[in-house]
Amino acid sequence: MKRIIIISATFLSLNVFGQDRFQSEKEPLLKVVYLNENSVEEKPACFLNGKHIDESVLNTLRPEEVETIKVEKEDVEIDKVKYFGKIIIQTKESYEPIFLSLNQLKSKYTNCKEGVTIFEIDNEVIKADYDKYLVDTNFILKITVDKLDNSIEKLNLNVVKIYTKSEGNIKNDRQIKIRGSE
């Protein structure tokens, strides 16, 4: 009798307090991962044609115009900021990059005047100071702007998507897109 009571109590507690083994059939469990934006990264100092630049320029620098890239492993301190190594890039003499910050780009090429703006470059959200993050406008294929207005949540958001002249983006941009029912 004692065993029956113990087995019944165990079975009952598992059903009441245990995980539902059929949960995945009813509703899938979602895993949420929060990315740590405050993590410390060991970034190298970047130099373009002898001038110290922010590493953001590398995302929109036209690869065909790069003459040489040199990597040095020794640490360096510039303006009281410690960098872990150096990346030294020399472009071809005929190439003249035109750098704009993301905020300058927004002012010059979009009509986004109100609301918060988020930038993406090639589908990667930019988590940096938009006044310091530089892009080479020579390597930009197109800019799209999504304006998200939601009066219920009092949301006024601009998503500025920048697409570079990468081979994949050019190929995708040239594709003919036909919309229909079939």
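Rules of the game
Residues numbered from 1 in each chain as written. Predicted model: local features only at pLDDT ≥ 70, side-chain atom pairs only at ≥ 80, totals over all residues. Heavy atoms only, no water. Pairing = 2+ DSSP bridges. Helix = DSSP H or I, 4+ residues; strand = E, 2+ residues; numbered from the N terminus. Axes fitted to C-alpha atoms, helices over the stretch in contact; angles between N-to-C directions. Contact = heavy atoms within 4.5 Å.

Student: Even after reading the chapter, I still don't get the sheet that holds strand E2 (residues 51-53), so can you show me in this structure?
Tutor: Hydrogen bonds along the backbone pair up the strands of a sheet, which may run parallel or antiparallel. Here four strands make up an open sheet; going across it, the order is E2-E1-E6-E3 and the pairing mixed. Edge positions in the sheet fall to E2 and strand E3 (66-72), since each has one partner strand and no second. Strand-to-strand twist in this sheet, taken as the mean axis angle between neighbours without regard to direction, amounts to 25°.

Student: I would appreciate a short explanation of the sheet that holds strand E12 (residues 155-164) in the present structure.
Tutor: The four strands are arranged E9-E8-E12-E11 in an open sheet whose pairing can be described as mixed. The outermost strands of the open sheet, each flanked by one partner alone, are strand E9 (124-125) and strand E11 (140-150). Where strand E8 (residues 116-121) meets E12, six bridges bridge the pair, whose relative direction is parallel. Paired with phenylalanine 119 across the strands is valine 160, a residue of E12. Taken strand by strand, helix H3 (residues 102-109) contacts E8, E11 and E12, and its axis lies near 105° from that of E8. Sheet strands touched by helix H4 (residues 167-174): E11 and E12. Its angle to E11, the strand with the most contacts, is close to 70°.

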